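Each chain is listed here by its residues.
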Protein chains: 2
Amino acid sequence: MRNSTIKGITNLGQWVTWNPVTNMMEMGKGGTWSMEDGLFSEYSPKSFNDQEFLDAEGRLMTPGLIDSHTHPAFATTRELEFEMRSLGKTYQEIAAAGGGIRNSVRKLREISDTDLVDLVEERLNLMLSHGTTTAECKSGYGLSTEAEIKSLRAIQSASERTALQTFSTLLGAHEIPDEYRNDRETYIDLIINEMIPAVAQQKLAEYCDVFCEEGVYTIKETEKILSAARAHGMQLKFHADEFVSSGGAELAAKMGALSADHLMAISDAGIAALAASDTVATLLPGTTFFLGSDTWAPTRKLLDAGVNVALATDFNPGSNMSLSMPFVMTLAVIYLHMTPLEALQAATSGAAKSMGIEKSTGSISPGYTADAVLWQADNYRQLPYFYGSNRVHQVVVGAKPSL
Amino acid sequence: MRNSTIKGITNLGQWVTWNPVTNMMEMGKGGTWSMEDGLFSEYSPKSFNDQEFLDAEGRLMTPGLIDSHTHPAFATTRELEFEMRSLGKTYQEIAAAGGGIRNSVRKLREISDTDLVDLVEERLNLMLSHGTTTAECKSGYGLSTEAEIKSLRAIQSASERTALQTFSTLLGAHEIPDEYRNDRETYIDLIINEMIPAVAQQKLAEYCDVFCEEGVYTIKETEKILSAARAHGMQLKFHADEFVSSGGAELAAKMGALSADHLMAISDAGIAALAASDTVATLLPGTTFFLGSDTWAPTRKLLDAGVNVALATDFNPGSNMSLSMPFVMTLAVIYLHMTPLEALQAATSGAAKSMGIEKSTGSISPGYTADAVLWQADNYRQLPYFYGSNRVHQVVVGAKPSL
């Protein structure tokens, strides 16, 4: 049945989704969700004995998960740095010694285009097998116009070979490359005057990101780069207030960014600014976990203030080598004190909103893309609860079973 | 090739193991490990083009992982309690309200024997698919002679249906059952005079365990129960100093127990006692993680004092719903500050020692059981590093490929 279009999913167990009409999570049990032209069409409480329908055999169905913050375009893993951290070095110390993002930059510039595409493809397929049907994918280990374009092209080519739906982000401002270490102004000018126009002209990225953080890009530099990106038609999603509260969330709200990401160090003023805006708070608890930190984003404060919240993996070789969205939901329940239902919402419709695709993706509703996951689970509470093994039974993307 | 005996594994990539002769971890690259009569026989630096050898295709090989502390004999999952914890209830509050272990006891007594066997079998096979080739399996949700025997028989029957090698533990002293809530002495007498003799007579358990903890079993009660078990030929492994330092580790050392398990609250005197004994410290960081605690066992202190350390999952429906040993290794590196090599040792030879099987199991060495895992990884550091997805390629138990 793989890659052949189905007419729907029948014999459902529990199904749970955000409902865009009521703007609430809703759930049902049993019956059939029909599909037409790659979209959900209607729900019937009846089940059908028809081979053109996928038989859920009573399993839990959720919308396909949406991973709205990933860095899959890297050339080599960095397990040596992981070991160094077990011996007491911090992520920042390793970066200062030439490891970290700059380590990945050297390797990315060396790898062949085809090898990079193969690696990205393998990672996208792994995401898919863990229930992710839509992913945002960043460049950011090239840090030259040529190598950033190579990364975005690799994402595009890999995406064409998988069922996963991807959206790309230019992250030329992930670090200051070594060759501009003492001349950051020139590199920022290059991003603005060469990199952004070239990527926009080749239509390689929907979004632009900046690592706005102490020691990386300042608030002023971030605003300058993002303004240029917006002038070239890109939407804005960026790294904000990860380690130090520097006003990143406030800037995101002020500029109307789709999302401000990380936010472990967000201030109360930042929370208020997001609450008064449409900007989504994208939380990446896997990074806090992988860095062995105990500084978690102040999630209940964000939720209580009415901020829209998304969950994502931050999959990357330095600060979170995991692409499992269900595990991020586990972290969200245990450490961010989200309920299992809030976590599921943040991993589907919250994430869709953070990518500006909430009118088409992230819900089991008529007219929405027919992306869904059948789980080896009886109910949605089991998804974050039974962790560390992959509970995906089948993934459907655009009405096509994909595993 | 599944379940047919092989003559060895060839075209190895990196292989890493504890060496019982040098008592150190060692590693090699390439070549072939041969097998005879279900045991490793010899290493050759050559590779063979022979269909009776399993072709590793350059993959990493480690000994089969050993999960030395699991509670797989439960009837129902407890995701509702998991959700309650996200809303602010503690594990202890939920237990006091009739949840926790007592919740599992009610369900265990109700389930049919055959349904329980099916559930345990499914869990053992999941362990196997995540690289565990040997597991210790506890009863402990029955809390009557009949229901504890039912649990141990279910473990035995399920084990016979899987390739995983299991060893069983009687944990009749997991809680005080509701019907003896006001008469704990009578229940302890029942364990000693009825349960232990019956289990020993039917040869259903190699080990005896007690939940020695404030509010559960006191040090004195623990010693009394374990003494009776030893008199009936069982070896001792027990829950010690998990939430409160109550002298559990000291008792384990004094009694010559194989292991003291949990130890988040172990005292310096307890560490010294273990260091002066052969008792293994079995660390279960998944439980700290799943309970959202920040109290980790003082692992570097234990290692620096010369204590033998094992890692295990503590797989159970209340305080750690995960059976992934690789994820436990991830936690060990990030939160216990073990190196990846120390974590691998603790998940293989350390665990074997905690079960008294270190002369036959847990090493890739001549004469050891031919249990091994081939990983989708280049080197052992990647095992804890790339977490949240299952990197097992093939599991071999007693010279038979099992996936």
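Residues numbered from 1 in each chain as written. Chains lettered and ligands numbered in written order. Predicted model: local features only at pLDDT ≥ 70, side-chain atom pairs only at ≥ 80, totals over all residues. Heavy atoms only, no water.

**Student:** I would appreciate a short explanation of the sheet that holds strand β15 (residues 309-311) of chain B in the present structure.
**Tutor:** Adjacent strands of a sheet form backbone hydrogen bonds with each other and so pair up, either parallel or antiparallel. All names here are of chain B. Reading across the sheet, the eight strands line up as β8-β9-β10-β11-β12-β13-β14-β15 and stay open at both edges, with parallel pairing between neighbours. If you trace the sheet from one side to the other, it starts and ends with β8 (65-70) and β15, each paired once. Across this sheet, the average inter-strand angle for adjacent strands is 25 degrees, counted without regard to direction. Direction of pairing for strand β10 (residues 165-173) relative to strand β11 (residues 207-212): parallel, over a ladder of three bridges. Within the sheet, the bridge partner assigned to threonine 169 lies in β11 and is tyrosine 207. Where helix α7 (residues 219-231) meets the sheet, its contacts fall on β10, β11 and β12 (235-240), and the angle it forms with β11 comes to roughly 175 degrees. (Pairing = 2+ DSSP bridges. Helix = DSSP H or I, 4+ residues; strand = E, 2+ residues; numbered from the N terminus. Axes fitted to C-alpha atoms, helices over the stretch in contact; angles between N-to-C directions. Contact = heavy atoms within 4.5 Å.)

**Student:** Explanation requested: the sheet that holds strand β14 (residues 280-283) of chain A in the structure shown.
**Tutor:** All names here are of chain A. Strand order in the open sheet made by the eight strands is β8-β9-β10-β11-β12-β13-β14-β15, with parallel pairing throughout. Here the strands that pair on one side only, and so sit at the sheet edges, are β8 (65-70) and β15 (309-311). Ignoring which end each strand starts from, the neighbouring axes of this sheet average 25 degrees apart. Sheet topology places β14 next to β15; three bridges connect them, and they run parallel. Within β15, the residue paired with leucine 283 across the bridge is leucine 311.

**Student:** How should I be thinking about the interface of chain A and chain B in this particular structure?
**Tutor:** Taken together, the contact between chain A and chain B spans 45 residues of the former and 45 residues of the latter. Both sides together, the interface formed by chain A and chain B hides about 3800 Å², and carbon and sulfur atoms give 64% of it. Contact with chain B buries area across many residues of chain A, yet Phe289(A), Tyr385(A) and Tyr387(A) alone supply 21% of it, more than any other trio. On inspection of chain A and its partner chain B, the count reaches two salt bridges. Here Arg381(A) makes a salt bridge to Glu83(B), at a shortest N to O gap of 2.6 Å. Seen at the junction of chain A and chain B, the total is 20 residue pairs in polar contact (both at pLDDT 80 or more). Counting only elements with at least two residues in the side of chain A that touches chain B, the list comes to α1 (79-86), α10 (285-290), α12 (325-335) and α15 (382-385) of chain A. Among the elements that take part in the side of chain A that touches chain B, α12(A) stands out by supplying six residues, more than any other. (Buried area = accessible area lost by both parts, 1.4 Å probe. Salt bridge = Lys/Arg side-chain N within 4 Å of Asp/Glu carboxyl O. Polar contact = N/O pair within 3.5 Å; in protein donor to acceptor, adjacent residues only side chain to side chain.)

**Student:** Any chance you could explain the domain arrangement of chain A here in plain terms?
**Tutor:** Size of an interface, as often reported, equals the accessible area lost when the parts are brought together. Residues and elements named next belong to chain A. Domain annotation for chain A reports domain 1 (8-63 + 363-401) and domain 2 (65-354). Computed from C-alpha coordinates alone, the two centres of domain 1 and domain 2 are separated by 29 Å. With 19 residues of domain 1 in contact, the opposing surface of domain 2 contributes 20 residues. With both chains or domains summed, domain 1 and domain 2 bury close to 1700 Å², and 76% of this area falls on carbon and sulfur atoms. Across the domain 1-domain 2 interface, the total number found is zero salt bridges. Linking domain 1 with domain 2 are three residue pairs in polar contact (both at pLDDT 80 or more), by the criterion used here. Of all the secondary structure elements, the ones that give two or more residues to the side of domain 1 that touches domain 2 are β2 (14-19), β3 (24-29), β7 (60-63), β16 (372-375), α15 and β17 (392-397). (Domains from an automatic or database assignment.)

**Student:** I would appreciate a short explanation of the nonpolar core in the present structure.
**Tutor:** It is characteristic of soluble globular proteins that their nonpolar side chains tend to be buried jointly. Grouped together as the largest cluster of nonpolar side chains are 258 residues, with contacts concentrated most on Ile9(A), Phe289(A), Ile9(B) and Phe289(B). At 10 residues, helix α6 (residues 184-201) of chain B tops the list of elements feeding residues into this core. Ignoring anything within four residues of it in the chain, the contact list for Phe289(B) reads Phe289(A), Phe327(A), Thr330(A), Leu331(A), Ile334(A), Tyr335(A), Tyr387(A), Trp296(B), Phe327(B) and Leu331(B). (Core = buried A, V, L, I, M, F, W, Y, C linked by side-chain atoms within 4.5 Å. Buried < 20%, exposed > 50% of the residue type's maximum accessible area, 1.4 Å probe, protein only.)

**Student:** Can you walk me through the environment of Ser365(B) in this structure?
**Tutor:** Residue and element names in this part refer to chain B. With respect to the helices, strands and loops of the structure, serine 365 is situated in the loop between α14 (349-354) and β16 (372-375). Between the alpha carbons of serine 365 and asparagine 390 there is a distance of 26 Å; along the sequence they are 25 residues apart. Excluding its chain neighbours within four sequence positions, the residues that come into contact with serine 365 are Trp18, Asn19, Pro20, Trp33 and Phe40. A distance of 2.6 Å separates polar atoms of two side chains, one belonging to serine 365 and the other to serine 363.

**Student:** Please clarify how α7(B) should be interpreted in this entry.
**Tutor:** Note: α-helices contain 3.6 residues per turn, so residues at a spacing of three or four share the same orientation. Residues and elements named next belong to chain B. Between its first and last C-alpha, α7 extends 18 Å over 13 residues, near the 18 Å set by a 1.5 Å rise per residue. Buried within α7 we find Glu221, Thr222, Ile225, Leu226, Ala228 and Ala229. When α7 is viewed along its axis, its buried side chains cluster within an angular range of 155 degrees and face the same direction. In α7, those exposed residues whose orientation departs by more than 90 degrees from the buried face are Lys220 and Ala231. Note on α7: the residue one or two positions beyond its end, glycine 233, has a positive phi of about 90 degrees. (Expected span 1.5 Å × (residues − 1). Arc of directions from axis to C-beta.)

**Student:** Sorry, what's going on with the relation of the copies chain A and chain B here?
**Tutor:** Each copy of the sequence occupies a distinct position, and chain A is placed on chain B by a rotation of 180 degrees and an axial shift of 0.0 Å, giving an RMSD of 0.0 Å. One copy is carried onto the other by what is essentially a two-fold rotation axis. Within chain A, the C-alpha atom positioned nearest to the axis of rotation is that of Gly388(A), 2.9 Å from it. A symmetric contact is evident, with 100% of the interface residues of chain A recurring at the interface of chain B. (Least-squares fit on C-alpha atoms with pLDDT ≥ 70 in both.)

**Student:** Help me understand the packing of helix α4 (residues 113-129) of chain B against helix α5 (residues 145-161) of chain B, please; the structure alone is not making it clear to me.
**Tutor:** Packed helix pairs are characterised by how far apart their axes lie and by the angle those axes make with each other. Residue and element names in this part refer to chain B. In contact at an axis separation of 8 Å, α4 and α5 are set at 50 degrees when each is read in the N-to-C sense. The angle between α4 and α5 places the two elements in the oblique class. Once α4 is placed against α5, the crossing between them reads as right-handed. Residues Asp113, Leu116, Val117, Asp118, Val120, Glu121 and Leu124 of α4 form the contact with α5, whose participating residues are Lys150, Ser151, Ala154, Ile155, Ser157, Ala158, Ser159 and Arg161. (Parallel < 35°, antiparallel > 145°, perpendicular 65-115°, else oblique. Left-handed = near helix turned anticlockwise from the far one by under 90°.)

**Student:** I would appreciate a short explanation of the pattern of salt bridges in the present structure.
**Tutor:** Between side chains of opposite charge, a pair can form as their charged atoms come close. All names here are of chain B. Under the counting rule described, the total for this entry stands at 36 salt bridges over all chains. Between arginine 102 and aspartate 178 there is a salt bridge, and its shortest N-O distance comes to 2.5 Å. Here aspartate 178 lies in the loop between β10 and α6 and arginine 102 lies in helix α3 (residues 101-110), a separation of 76 residues in the sequence. Here arginine 102 falls in the buried class, since its relative accessible area comes to 16%. Given a relative accessible area of 36%, aspartate 178 falls into the partly exposed group. Arginine 109 serves as the salt-bridge partner of glutamate 179, at 2.9 Å between the closest nitrogen and oxygen. With glutamate 179 in the loop between β10 and α6 and arginine 109 in helix α3, the pair connects residues that are 70 residues apart, well separated along the chain.

**Student:** Sorry, what's going on with unusual backbone geometry here?
**Tutor:** A negative phi holds for most residues other than glycine; trans holds for most peptide bonds. Residues and elements named next belong to chain B. One non-glycine residue, histidine 262, lies in the positive phi region at around 95 degrees. Backbone geometry at leucine 263 places phi at a positive 65 degrees, although glycine is not the residue there. Since its relative accessible area comes to 0%, leucine 263 is described here as buried.

**Student:** Please clarify how the environment of Cys137(A) should be interpreted in this entry.
**Tutor:** All names here are of chain A. Structurally, cysteine 137 can be placed in strand β9 (residues 132-138). You can call cysteine 137 buried: its relative accessible area is 0%. Discounting residues that sit within four places of it in the chain, cysteine 137 has contacts with Thr70, Pro72, Leu124, Ile155, Thr166, Phe167, Ser168 and Thr169.

**Student:** Sorry if this is basic, but what is going on with helix α9 (residues 268-275) of chain B here?
**Tutor:** Residue and element names in this part refer to chain B. When we look at burial in α9, the residues that qualify are Gly270, Ile271 and Leu274. Buried residues of α9, viewed axially, fall in a sector of 100 degrees; they line one side. In this structure, the buried side of α9 is in contact with α8 (248-255), β13 (259-262), β14 (280-283) and α11 (299-304).

**Student:** Explain the packing of aromatic side chains to me, please; I cannot follow it from the model alone.
**Tutor:** Summed over the entire model, instances satisfying the criterion amount to 40 aromatic pairs over all chains. Between Tyr385(A) and Phe290(B), the ring centres sit 6.1 Å apart and the planes meet at 55 degrees, which makes this aromatic pair tilted. Taken together, the residues Tyr385(A) in helix α15 and Phe290(B) in helix α10 (residues 285-290) connect one chain to another. In this pair, the class of Tyr385(A) matches that of Phe290(B), namely buried. Ring geometry for Phe386(A) versus Phe315(B): centroids 6.4 Å apart, planes at 25 degrees, classification stacked. Separated into two different chains, Phe386(A) in the loop between α15 and β17 and Phe315(B) in the loop between β15 and α12 (325-335) make up a pair that spans both. There is no split in this pair, since Phe386(A) and Phe315(B) are both buried. (Phe/Tyr/Trp six-rings, centres within 6.5 Å; stacked < 30°, edge-to-face > 60°.)

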